[in-house]
Number of protein chains: 2
Amino acid sequence: MSERADTAEPRPDELGDIAAEQAESRHDEDDRLKGEFVSAVLDAVEADDRDRARELVSPLHPADIADLLELTPSERRGEVAAALGDLVGAEVLSELNDYVRDDLLDALLPEQVAEFAAELDTDDAVAIIEDMEEADQQAVLDAMEPEDRAAIESALSYPEESAGRLMQRDLVAVPQHMTVGQVIDYLRDNRDLTTDFWEIFVVDEAHKPIGTCQLSWVLTCPRSVAMADLMKREQTLIPVDMDQEEVALRFQKYALISAAVVDGSGRLVGMITVDDIVHIISEEAGEDILRLSGAGEGDINQPILETVRTRLQWLVVNLGTAILAASVVGLFQATISKYVVLAVLMPIVSGMGGNAGTQTMAVAVRALATNQLTSSNTIRQIVREFRIATANGTALGILIGVAVGLIYGNHDLGIVIALAMLINNLVAGLAGILVPVTLDRLNVDPAVSSAVFVTTMTDVMGFFSFLGLATVWGL
Amino acid sequence: MSERADTAEPRPDELGDIAAEQAESRHDEDDRLKGEFVSAVLDAVEADDRDRARELVSPLHPADIADLLELTPSERRGEVAAALGDLVGAEVLSELNDYVRDDLLDALLPEQVAEFAAELDTDDAVAIIEDMEEADQQAVLDAMEPEDRAAIESALSYPEESAGRLMQRDLVAVPQHMTVGQVIDYLRDNRDLTTDFWEIFVVDEAHKPIGTCQLSWVLTCPRSVAMADLMKREQTLIPVDMDQEEVALRFQKYALISAAVVDGSGRLVGMITVDDIVHIISEEAGEDILRLSGAGEGDINQPILETVRTRLQWLVVNLGTAILAASVVGLFQATISKYVVLAVLMPIVSGMGGNAGTQTMAVAVRALATNQLTSSNTIRQIVREFRIATANGTALGILIGVAVGLIYGNHDLGIVIALAMLINNLVAGLAGILVPVTLDRLNVDPAVSSAVFVTTMTDVMGFFSFLGLATVWGL
């Protein structure tokens, strides 16, 4: 999140060295707020000692105040926020977890929310307003100044999670004939320009970006140099309707600090800066683990009923596949009743297939998400996984085969479980890569649905290969 | 990766509009190189038509040339790199996957590697050199200019994955009494300063940072303003030995573009910029899914034998736990042989526990990694997971209990499996959060070792609760 309000007016007196040292005792070595500190604040609020609470909290960075509110039990958040008063400002709100923020906003009047939103860059204001209910949203917009309101309404007209929602409209764009000196004078004379920018965009008459210029280049060059000679023409333009995940990948791949956002006709309509992207990069990279496990967005602040619903849906789907796998076992009841040891050993074969399949699947899902696995190397990766599965399946098969053969004094049983282990590892390796690759080709998020297919296959094939071989072998 | 060589001398002629349009046909809609394009380059190299290959590749960004080499089969990479000649420059090397780069570097002379390293920022040069074998590393260092060499040797003296390795030494630091005008003159006069910086650090006489100033503030202020009045005193200082994961979290939390790196005595020794952090943020967030599945670093370019070894280690550990779980089944062979249906149904109970445990574990691992789960809210989250597990376990228990009761016409069997399902869901929910939290307290990475504990518990308790209840119930 950018911090326009904070950076536009530097407050030299804000935090001296002594306060900085004190602040250290508020954080543990991992920069998390200490439990004792959080308790101290809550105790002060409890005791109605607002001065003490404010004194404790005031040296904190807005991001830390947001953390503090998130760490406060939900039923006490309103009370704590009220006690802290203006310390919980627009920046804190923009740093807050969505659920926690919605909780707090519900307690505010539309005028108050509008006031907060007006203090923020468009992108941060939109982040606050976009999740509100239609009626509340309208009330807030009605309470805003026409100019701010127009900017936010325009941003809201773009799809959710698109570049149009992420971008800010405040940017610096100059024509190419301007010189460095003219640009500096222009910046000094126009004090209502944003002060939060890292690059200057050079545009043509139609307001289409034709180059980008880092501020360091402007600062290190003589006044007489023309922007056209200084700018870098090779630039990454972000279409306004691009999905935020794509935007994040572009920033990462091309090491961007900021990028111009263009509309359908190529005109410059906004700017995205990397500080608004880092949390998206982290979210997008981290959410695969949650999706793969069926934990939805996995937000610990989500209302518990929503969490139960999300997870239960996934578990019920898995119950269906578990019953399917069990019905395979059902086919072999006669074999099992003759030789109960098969029931003891069969979960080993199915479980190990699940483990091996999950390894391959995790690698494939990450490689797809980071654009490392493309049509050019898919075949090569499938062959690679097949070779890995053959090696691992052989090693595990020999291991379990010898152990079972010795323990139960039955060579045939050892051979059967060894073969079943190899077969199920091959199934796991192939399913682990083919399922995510196929889903990706079908434009289905491989992280969301791969696991259910892969583990169903390894369960079914684990039971089928082991019990089937045992039946054929006449065990 | 920063691109000093590229940005220091902007090449206005580099990529015109026409080339940009052509470039579009090289990428698919997800900004990945198209399979046909990669094949065309490989065909040109195969046909020994270097001009054609270079013509195809020359409009690409270094990051794309790196992608191209990664997508080339490993046995052909040397040949392709040789054909592309100077198009595979220092920047391309610094963008390359570690394994692919090591492959290519092995084919180069130390002098050639030294030449590449000299073109890069210290951090990128270190990234290239740090993975080489000791002897090769020394040969490269010997071939470097004394100044570059000293910078790299000093960086290598810091621990791997620490801020000292990530930082660059080229930065702009000024005393606080300087005015904006003096700073601009200083920057214009010292053309050998880096041009890749986004903020100016203000230091005291002991070279300790006392404030930071965004370039945009310098550009928008009159020449007469003193840096001391312009700078922001509240700043995030990075200790030189801080782990890169911590550095990445700081950048994310405080929305930093660059940060000062300080040594033990608080003196400014380097600077880290966000473009060097974004790939760490993505890696750190993405690697949890790989660790949790036991896929190691999960790099598709890793030599296959290393991959087999990494994954096999994990699978063998899991084989041990699978045998442990199977031995629980072994305790109930008498019960199973009396009623084989139990063998059919038992994988459902254990498998569903595994699914529920994985959900909780994924959420806990992410919440720990992002500092959302701290000592202040651990109890609350445990209670939350217990409530979720109770709700889901009850729902799933009723579902499977009724289904089994009807299908097998045996109420008692339905009651037993319903109870076992509830019990195992509770075990899963508690293990899913307690295991990662405990490991984190013990300073063990919860992503690496949680899964094996959690799934062992859900397997063991799944079999034990179901078969145990069935035995007690006299089924």
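Keep in mind the model is a prediction, meaning the values are calculated, not measured.

Conventions used here
Residues numbered from 1 in each chain as written. Chains lettered and ligands numbered in written order. Predicted model: local features only at pLDDT ≥ 70, side-chain atom pairs only at ≥ 80, totals over all residues. Heavy atoms only, no water. UniProt positions renumbered as here; feature names shortened; annotations may be inferred. Helix = DSSP H or I, 4+ residues; strand = E, 2+ residues; numbered from the N terminus. Buried < 20%, exposed > 50% of the residue type's maximum accessible area, 1.4 Å probe, protein only. Pairing = 2+ DSSP bridges. Least-squares fit on C-alpha atoms with pLDDT ≥ 70 in both. Patch = residues over 30% accessible without salt bridge, like charges linked within 9 Å, V, L, I, M, F, W, Y side chains within 5 Å. Areas by Shrake-Rupley, 256 points an atom, 1.4 Å probe, with all protein chains shown as cover. Salt bridge = Lys/Arg side-chain N within 4 Å of Asp/Glu carboxyl O. Contact = heavy atoms within 4.5 Å. Polar contact = N/O pair within 3.5 Å; in protein donor to acceptor, adjacent residues only side chain to side chain. 1 Å grid on protein atoms, 1.4 Å probe; cavity = no way out; pocket = protein on both sides within 12 Å on 5 of 7 lines; lining within 4 Å. Points joined across faces, edges and corners; volume = space filled by probe spheres on them. Buried area = accessible area lost by both parts, 1.4 Å probe. Nonpolar A, V, L, I, M, F, W, Y, C, P; charged D, E, K, R; others polar. Core = buried A, V, L, I, M, F, W, Y, C linked by side-chain atoms within 4.5 Å. Disulfide = S-S within 2.5 Å.

## Some remarks on the UniProt feature "transmembrane region" (unreviewed entry) in chain A
Residue and element names in this part refer to chain A.
- The UniProt feature table records "transmembrane region" (unreviewed entry) at residues 312-333, 339-365, 386-409, 415-439 and 451-473.
- End-to-end, the C-alpha atoms of residues 339-365 are 40 Å apart, and along that stretch the chain is 93% helix and 0% strand.
- Taken end to end, residues 386-409 is 92% helix and 0% strand, and its two terminal C-alpha atoms sit 32 Å from one another.

## Here's the deal with the pairing of strand 6 (residues 268-273) of chain A
All names here are of chain A.
- In terms of burial, strand 6 is largely enclosed, as five of its six residues are buried.
- Inspection of the sheet shows strand 5 (residues 258-262) paired to strand 6 by five bridges, in the antiparallel sense. Within strand 6, the residue paired with Val262 across the bridge is Leu268.
- Hairpin connection from strand 5 to strand 6: five residues lie between these consecutive antiparallel strands, with Gly266 at a positive phi of about 85°.

## Quick look at the relation of the copies chain A and chain B
- For the pair chain A and chain B, the relating rotation is 180°, the translation along its axis is 0.0 Å, and the fit reaches an RMSD of 0.0 Å. Here the transformation between the copies is reduced to the relation of a two-fold axis.

## As for a nonpolar patch on the surface
Residue and element names in this part refer to chain A.
- Taken together, the side chains of Ile415, Leu419, Ile423 and Trp473 present a nonpolar region at the surface, about 320 Å² in accessible area.
- Per element, the largest residue contribution to the nonpolar patch is three residues, and it comes from helix 23 (residues 411-441).
- For Trp473, a relative accessible area of 37% corresponds to the partly exposed category.

## Remarks on the sheet that holds strand 4 (residues 238-239) of chain B
All names here are of chain B.
- Pairing is mixed in the open sheet, where three strands are placed in the order 4-5-6. Only two strands of the sheet have a single neighbouring strand rather than two, namely strand 4 and strand 6 (268-273).
- As defined by bridge partners, strand 4 adjoins strand 5 (residues 258-262) across two bridges and the pair is classed as parallel. Within strand 5, the position partnered with Pro239 by the bridge is Val262.

## Brief notes about helix 8 (residues 98-106) of chain B
Residues and elements named next belong to chain B.
- All of the buried residues in helix 8 are Tyr99, Val100, Arg101, Leu104 and Leu105.
- Its buried side turned inward, helix 8 meets helix 5 (62-71), helix 6 (77-84), helix 7 (90-95), helix 9 (110-119), helix 10 (122-129) and helix 19 (304-331).
- Capping of helix 8 at its N-terminal end is provided by Asn97; its side-chain oxygen lies 2.9 Å from the backbone amide nitrogen of Tyr99.

## Side note on empty space enclosed by the protein
- According to the stated counting rule, one finds eight cavities of 30 Å³ or more in the structure shown.
- Around the largest cavity, the lining comprises 47 residues; the ones closest to its centre are Asn355 and Thr455 of chain A together with Asn355, Thr358 and Thr455 of chain B.
- Only helix 18 (278-292), helix 19 (304-331), helix 21 (341-369) and helix 24 (446-473) of chain A together with helix 18 (278-292), helix 19, helix 21 (341-369) and helix 24 (446-473) of chain B provide two or more residues apiece to the lining of the largest cavity.
- Sort the elements by how many residues they give to the lining of the largest cavity and helix 21 of chain A lands first, with ten residues.
- Lining the second largest cavity, in full, are Ala356, Gln359, Thr360, Glu385, Ile388, Ala389, Asn392, Asn425 and Gly429 of chain A together with Arg311 and Leu315 of chain B.
- Within the residue set of the lining of the second largest cavity, elements represented by two or more residues are helix 21, helix 22 (378-407) and helix 23 of chain A together with helix 19 of chain B.

## Some points on the interface of chain A and chain B
- Taken together, the contacts link 139 residues of chain A with 138 residues of chain B.
- Together chain A and chain B conceal approximately 12400 Å² of surface at their shared face, both sides included; 63% is due to carbon and sulfur atoms.
- For the pair chain A and chain B, the number of links is twelve salt bridges.
- With a closest N to O distance of 2.9 Å, Arg311 of chain B and Glu385 of chain A form a salt bridge.
- At the junction of chain A and chain B, the tally comes to 32 residue pairs in polar contact (both at pLDDT 80 or more).
- It is helix 21 of chain A that contributes the most residues to the side of chain A that touches chain B, 16 residues altogether.
- Looking at side-chain class alone, the side of chain A that touches chain B contains 67 nonpolar, 37 polar and 35 charged residues.

## Thoughts on the environment of Phe251 of chain B
Residues and elements named next belong to chain B.
- Structurally, the position occupied by Phe251 is in helix 17 (residues 244-253).
- On the accessibility criterion, Phe251 (0% relative accessible area) is buried.
- Taking the C-alpha atoms as reference points, Phe251 and Ala107, separated by 144 residues in sequence, lie 37 Å from one another.

## Focus on the nonpolar core
- In terms of nonpolar packing, the biggest core is built from 72 residues, with Phe466 of chain A together with Phe466 of chain B touching the most fellow members.
- Once you skip the residues sitting within four places of it in the chain, Phe466 of chain B turns out to touch Leu342, Leu345, Met346, Val349, Leu413, Val416, Ile417 and Ala420 of chain B.
- Among the nonpolar cores identified, the runner-up in size contains 55 residues, and Val183 and Val202 of chain A together with Leu187 and Cys213 of chain B belong to it.

## What about the UniProt feature "domain: CBS" (unreviewed entry) in chain A?
- With numbering matched to this structure, UniProt assigns "domain: CBS" (unreviewed entry) to residues 231-289 of chain A.
- Strand forms 22% of residues 231-289 of chain A and helix 37%; the C-alpha atoms that close the span are 41 Å apart.

## A few points about the state of the cysteines
Residues and elements named next belong to chain B.
- Taken as a whole, this structure holds zero disulfides over all chains when the rule is applied.
- Cys221 provides the cysteine sulfur closest to Cys213, a residue in no disulfide bond, and the two sulfurs are 7.6 Å apart.
- Cys213 gets classed as buried once you look at its relative accessible area, which sits at 0%.

## Here's the deal with the side chain of Gln302 of chain B
Residues and elements named next belong to chain B.
- Mapped onto the elements, Gln302 comes out in the loop between helix 18 and helix 19.
- Side-chain polar atoms of Gln302 contact the side chain of Tyr99, separated by 3.3 Å.
- Within the local environment of Gln302, its side chain forms a polar contact with the side chain of Glu306, the two groups lying 3.3 Å apart.

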